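Here's the letter readout for the chains.
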Amino acid sequence: MTYARLNRKAQLLTAAAAISLLVMTAPSAFAATPKDTLVEGFSFDDIISMDPAEAYELSAAEVTGNSYSLLVRLNIADTSKIEGDLAQSWTVSDDHLTYTFKLKPGLKFASGNPITADDVAYSFERVVKLDKSPAFILTQFGLTGDNVTEKAKATAPDTFTFTVDKPYAPSFVLNCLTATVAEVVDKKLVMQHVKPMTPTADYKYDNDFGNGWLKTGYAGSGVFKLREWRANEAVVLERNDNYYGEKSKLARVIYRFMKESSAQRLALEKGDIDIARNLSPTDLAAVEKNADLASTNAPKGTVYYVSLNQKNANLAKPEVQQAFKYLVDYDAIGKTLIKGIGEIHQTFEPKGVLGALDENPFKLDVAKAKELLAKAGLPDGFSVTMDVRSIEPDTSVATSIQQTLGQAGIKVEIIPGDGKQKLTKYRARNHDIYFGNWGMDYWDPNSNADTFTTNADNSDEGKNKTLAWRNDWTTPELEKVTKAALFEPDADKRAAMYQDVQKKFLDASPFVILFQQTEVAGYSKKLQGFKLGPSFDTNFVGPISK
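Residues numbered from 1 in each chain as written. Predicted model: local features only at pLDDT ≥ 70, side-chain atom pairs only at ≥ 80, totals over all residues. Heavy atoms only, no water.

Now for the pattern of salt bridges. By the definition in use, this model includes 39 salt bridges. With a shortest N-O distance of 3.1 Å, Lys187 and Asp118 are connected by a salt bridge. Taken together, the residues Lys187 in helix 7 (residues 187-191) and Asp118 in helix 3 (residues 117-130) connect sequence positions 69 residues apart. Judged by relative accessible area, Lys187 falls into the partly exposed class, the value being 25%. The partly exposed category is assigned to Asp118, whose relative accessible area is 36%. For Arg277, the salt bridge identified is with Glu519, shortest N-O distance 2.7 Å. Here Arg277 is found in the loop between strand 11 (275-276) and helix 10 (281-288), whereas its partner Glu519 is found in strand 17 (residues 511-524), with 242 residues between them in sequence. In terms of burial, Arg277 and Glu519 fall into one category: buried. Because the salt bridges share partners, they merge into one network encompassing Glu40, Glu62, Arg277, Lys300 and Glu519. (Salt bridge = Lys/Arg side-chain N within 4 Å of Asp/Glu carboxyl O. Helix = DSSP H or I, 4+ residues; strand = E, 2+ residues; numbered from the N terminus. Buried < 20%, exposed > 50% of the residue type's maximum accessible area, 1.4 Å probe, protein only.)

Written out as structure tokens, the structure reads:
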């Protein structure tokens, strides 16, 4: 073995040892984090997969957003604009059906393989054929397993052509391509890890398109590359020296799993972590009083809500749905539980998005709720369960709602669990009530309007598992308007259409929208360039230095 190889091996062992120490659960593992390493305290128990074709959780999107590239990205300084990532330029045909992207020259994946239009085409193909939860973001444009290789193809090594089935507003199509499901994978590398499959009636392909490997593997080209993900322990990113843009000054980033806000604050104060990501209002206030620390915040396109499964006969009653909206103490939640980390917001389009309706018509009114329950034939209330992720502010807000529902005779048993458990149960429609949040897949009003109103196939075998589907709810009238808005080129008219849908949704739906998230973070003043983005996949760590 040569000296260079021995030296490299020693460096790897040293890095591995440092990482092992940094992710220890004891808060006093380090007096200070290494200068070339960023450590974030973060609760990421929702991660199920790191494959962009499958990952559909907020935390996973943050990781892939920092480690994969897209054709185009949201301009985080002006969310009304789209900017090129891998794409140097693009054109849209006059009939709004064909989108042609020219790639930047000299691009490489982290593996060293060149990035070509064929990689982009393969990335689209595997999303459509695997048909995992986020696939609908691409398949809604008419892509199927049978036509995807013709509709999304390389027409030259540096040219990718995407043909949609209808003349959608171009801004809608481009915004969809900023979603993490459209991240580009290294075809050559993935093909080395493909697992043979036996075709069945439900899955007709003879391989898994590398999905089994990419659940924990990596085949991207972002500013960082994924080194390791240990569930409920750590996510480790390393600098990608083949990145085509400005390279990170950091050698690595470690997301250290820390569930409790108080533990994050203490670790930040001791220097064990550089950033605390899940702070409660109380801990945030303490950080802001510390001269060595600072805080930042950003309104997110994420709304928190309660949903009522229509498979439960009591929850399917319209009067019960309305009663729930009057059995939330919005004022108390806003003033205490989400102070500084959220804002009461009762409609599904978050502020800052085209067509967002800024109306909060509901207040705690137990008497009115009791009247509605009596009309529903339930004057004495009923018993029901609520699934909640064991994280703040979810647990505290759910407990508050449990108490106010009890004032009207609705007895709620809270069933806590980690993010993976809750999401798996929710996506199987096995809940009564679900308390959780929804972050926009892409910065366009259709992202939320679609998931809250569209339910193309309400059978248990339905493929498009929108929030409406998960709660066994169909609303043909609102779905029709939501679909029509996709083709309205006039922004003001399009906004008015979404506002109309939100007003009707407020009046009759099995959802109680509670508040919009304001993401906060405490951090060491030693950091430079740290900023939270407008969406869960735009919290970029590349610009950070110490």
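So much for the structure itself; the text now carries on.
Glancing now at the pairing of strand 6 (residues 152-156). Note that strand 6 and strand 7 (residues 159-163) share four bridges and pair antiparallel. Across the sheet, residue Lys153 finds its bridge partner in strand 7, namely Thr161. Linking strand 6 to strand 7, which pair antiparallel, is a turn of two residues. (Pairing = 2+ DSSP bridges.)

With six of six residues buried, strand 1 (residues 37-42) lies mostly within the body of the structure. Burial along strand 1 is two-sided: Thr37, Val39 and Gly41 facing one way and Leu38, Glu40 and Phe42 facing the other are all buried. Relative to strand 10 (residues 252-257), strand 1 is paired through six bridges, and the arrangement is parallel. Each bridged residue has a counterpart across the sheet, and for Thr37 the counterpart in strand 10 is Arg252. Across two bridges, the pairing between strand 1 and strand 11 is parallel.

On to helix 13 (residues 366-375). Along an α-helix, residues three or four positions apart point the same way, because every turn accommodates 3.6 residues. Every buried residue of helix 13 is listed here: Val366, Ala369, Leu372 and Leu373. For helix 13, the buried positions fall inside an angular range of 120° around the axis, keeping them on one side. Along helix 13, the residues that are exposed and aim more than 90 degrees away from the buried face are Ala367, Glu371 and Lys375. Its buried side turned inward, helix 13 meets helix 11 (318-325). One or two steps after helix 13, the chain reaches Gly377, where phi turns positive at roughly 80°. (Arc of directions from axis to C-beta. Contact = heavy atoms within 4.5 Å.)

Glancing now at the sheet that holds strand 4 (residues 87-92). On the basis of which strands lie adjacent, the open sheet formed by four strands has the order 4-5-7-6 and antiparallel pairing. One side of each edge strand has no neighbouring strand; the edge strands of this open sheet are strand 4 and strand 6. Averaged over all pairs of adjacent strands, the angle between strand axes in this sheet comes to 25°, irrespective of strand direction. Where strand 4 lies against strand 5 (residues 98-103), five bridges are found, and the strand directions are antiparallel. Bridge pairing in strand 5 places Val92 opposite Tyr99. (Axes fitted to C-alpha atoms, helices over the stretch in contact; angles between N-to-C directions.)

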